[in-house]
Amino acid sequence: MVALVFCGDLKYCPYISRYIERLENAHVDYKVYFWNRSKFDLQLTDHYICYNKASKLTNDKVQKLLDFIGFRKWLINELKINQHEKIIALSTLTGVLLGSFLYKKKGHYIFDIRDYSYEHIKPFFVIEKKVIENSAFTAISSRGFNEFLPEHEYVIAHNFNRNDIKEIARFEKTEGTINFVWNGVVRYFEFQRYYLDALKNDSRFTIVFHGDGPELDLYKKYCLENGFTNVLFTGAYNNADKALLLKEAHILNNCYGYTQNAGNKLKYAVSNRFYDGMIYHIPQLVEPEGFKTTWATESGIGVSFPPDKDFAKKLYDYYQNIESNLFDEACSSELEHVVEDDNKYVEMIDRFIIDRGE
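Residues numbered from 1 in each chain as written. Predicted model: local features only at pLDDT ≥ 70, side-chain atom pairs only at ≥ 80, totals over all residues. Heavy atoms only, no water.

Participant: Explain the packing of helix α1 (residues 16-25) against helix α14 (residues 324-354) here, please?
Facilitator: Relative orientation and spacing of two packed helices are given, respectively, by the angle between their axes and the distance between those axes. Across the interface, α1 lies against α14 with an axial gap of 10 Å and an inter-helix angle of 55 degrees. Judged on the interaxial angle alone, α14 and α1 are oblique. Seen from above, α1 lies across α14 with right-handed handedness. Contact with α1, carried on its side by Arg18, Tyr19, Arg22 and Leu23, involves Asp342, Tyr345, Val346, Ile349, Asp350 and Ile353 of α14 and no other residues of that element. Tallied by class, the residues present in the contact of α1 with α14 amount to 6 nonpolar, no polar and 4 charged. (Axes fitted to C-alpha atoms, helices over the stretch in contact; angles between N-to-C directions. Helix = DSSP H or I, 4+ residues; strand = E, 2+ residues; numbered from the N terminus. Parallel < 35°, antiparallel > 145°, perpendicular 65-115°, else oblique. Left-handed = near helix turned anticlockwise from the far one by under 90°. Contact = heavy atoms within 4.5 Å. Nonpolar A, V, L, I, M, F, W, Y, C, P; charged D, E, K, R; others polar.)

Participant: I would appreciate a short explanation of the sheet that holds strand β2 (residues 30-35) in the present structure.
Facilitator: Reading across the sheet, the 7 strands line up as β3-β2-β1-β4-β5-β6-β7 and stay open at both edges, with parallel pairing between neighbours. Among the strands making up the open sheet, the edge pair consists of β3 (48-51) and β7 (155-156). Note: strand β1 (residues 2-6) against β2, 5 bridges, orientation parallel. By the bridge assignment for β2, alanine 3 is matched with lysine 31. Against the sheet, helix α2 (residues 61-82) contacts β1, β2, β3 and β4 (86-90), and its axis sits at roughly 165 degrees relative to β2. (Pairing = 2+ DSSP bridges.)

Participant: Hey, could you run me through the side chain of arginine 22 in this one?
Facilitator: Structurally, arginine 22 is set in helix α1. We classify arginine 22 as buried; its relative accessible area is 15%. Here aspartate 350 takes part through its side chain, which lies 2.8 Å from a polar atom of the side chain of arginine 22. (Buried < 20%, exposed > 50% of the residue type's maximum accessible area, 1.4 Å probe, protein only. Polar contact = N/O pair within 3.5 Å; in protein donor to acceptor, adjacent residues only side chain to side chain.)

Participant: Can you help me understand the state of the cysteines in this one?
Facilitator: Joining two cysteines, a disulfide is a covalent bond between their sulfur atoms. Applying the stated criterion to the full structure yields 0 disulfides. Cysteine 13 provides the cysteine sulfur closest to cysteine 7, a residue in no disulfide bond, and the two sulfurs are 9.3 Å apart. No disulfide involves cysteine 255; its sulfur sits 16 Å from that of cysteine 223, the nearest cysteine. (Disulfide = S-S within 2.5 Å.)

Participant: Would you take a moment to explain the sheet that holds strand β11 (residues 251-254) for this structure?
Facilitator: Strand pairing in a sheet is mediated by backbone hydrogen bonds. Such pairs are either parallel or antiparallel. Ordered by their spatial adjacency, 6 strands build an open sheet running β10-β9-β8-β11-β12-β13, and the pairing between neighbours is parallel. Where the open sheet ends on each side, the last strands, each with one partner, are β10 (231-235) and β13 (302-303). Bridge analysis of strand β8 (residues 178-183) against β11 gives 2 bridges, and the strand direction is parallel. Residue pairing in the sheet places valine 181 in a bridge with leucine 252 of β11. Strands β8, β9 (205-210), β11, β12 (284-286) and β13 of the sheet are contacted by helix α13 (residues 311-320), whose axis makes an angle of about 100 degrees with β8.

Participant: So what exactly am I meant to see when it comes to the packing of aromatic side chains here?
Facilitator: For any two aromatic rings, the description comes down to two numbers: the centre-to-centre distance and the angle of the planes. Evaluation of the coordinates by the stated rule reveals 32 aromatic pairs. Between tryptophan 35 and phenylalanine 68 the ring centres are 5.1 Å apart and the planes differ by 85 degrees, which places this aromatic pair in the edge-to-face class. A residue pair is termed long-range when its members are at least 10 positions apart, and tryptophan 35 in strand β2 and phenylalanine 68 in helix α2 qualify at 33 residues. Geometrically, the ring pair formed by tyrosine 116 and phenylalanine 148 is edge-to-face, given 4.8 Å between the ring centres and 70 degrees between the ring planes. Of this pair, tyrosine 116 sits in the loop between β5 (109-113) and α5 (122-133) while phenylalanine 148 sits in the loop between β6 (137-140) and β7, placing them 32 residues apart in sequence. Judged by relative accessible area, tyrosine 116 falls into the buried class, the value being 11%. Since its relative accessible area comes to 10%, phenylalanine 148 is described here as buried. (Phe/Tyr/Trp six-rings, centres within 6.5 Å; stacked < 30°, edge-to-face > 60°.)

Participant: What am I meant to see in the pattern of salt bridges here?
Facilitator: If charged atoms from side chains of opposite charge come close, those side chains can pair. For the structure on display, the rule yields 17 salt bridges. Aspartate 341 is paired through a salt bridge with arginine 143; the nearest N and O atoms lie 3.0 Å apart. Placement of the pair is aspartate 341 in helix α14 and arginine 143 in the loop between β6 and β7, with a sequence separation of 198 residues. Looking at aspartate 341, the relative accessible area reads 15%, which means it is buried. Since its relative accessible area comes to 44%, arginine 143 is described here as partly exposed. Between glutamate 287 and lysine 292 there is a salt bridge, with its nearest N and O atoms 3.2 Å apart. Assessed through its relative accessible area of 0%, glutamate 287 is described here as buried. Assessed through its relative accessible area of 2%, lysine 292 is described here as buried. (Salt bridge = Lys/Arg side-chain N within 4 Å of Asp/Glu carboxyl O.)

Participant: What am I meant to see in the pairing of β11 here?
Facilitator: In summary, the side chains of a regular strand alternate between the two faces of the sheet. Side chains Ile251 and Asn253 of β11 all project onto a buried face; the interleaved residues Leu252 and Asn254 project onto the opposite face, where all are buried too. One ladder, built from 3 bridges, connects β11 with β12; its direction is parallel. Looking across to β12, one finds that asparagine 254 is bridged to valine 286.

Given below as structure tokens:
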């Protein structure tokens, strides 16, 4: 039996579905161990076991540490009782939290890293390095992570839904108003307001926000108080409707902020929306710096401009000068590389699942 482990609420671990898909496809039994930190009312099957203790994100550092120690004690006890042959540690914190319990099981676990974490703290980095070195394989969601992780041969696990690739998309330039579209959780207001101001009431653009989030009311209030007439909020949507919504998107707004403000979590990561642009052949605007910026601009699938006084003109001229065939070729080429990486990732998961270690 395989154990999948995550030190948090499962809503923050959507990539667990890929592992469950491969386990079920191979008819291998599994258990999912996680921390129900937010005390959600959950309807769980027998596959799921949770540490049902609340821990607020606003707790002080000492209380957070005590909470993590409690979760670790519970988790290791559960893993020992159930004597799992293999473990899949989801997130950096999960792997480091398990530490020696994991790396003593050399070759019998997968380590999955999705974000920059606390690599700047030496003891944390030392433990993480050992967990990486003793894993069957370690997956990372961005090649940019090579900049801060120990030197190692990593498997790339892109943050995209392969089921979204249903047909060959084509870029079709609009002759009307350009829809500048954000899709997903509505946040990063302090940075996004500069783009809002730069495009305010410009008849060439409609600024569209598809989605809900903790900062949605802040956006609405700002636009109302400052007399915006070219902003549209459509609210929450079902992910099954994403393709339909993006049919009307002409440029994707994929800007999260400057790295000096947002830190390394932004600098090295690749967002889900980045893949939306690639899959649906929609040009995207990315933030002025970071790994995502380099990938988008060098491949030709996106562009980066700071939200300065000439921003609206630059964005308009960029869109009008896109050569459809070249842009389509760039998106298709990059998507092909992503699928190749994904094939290898799935192959590695399957090999890990069926390997008897003989």
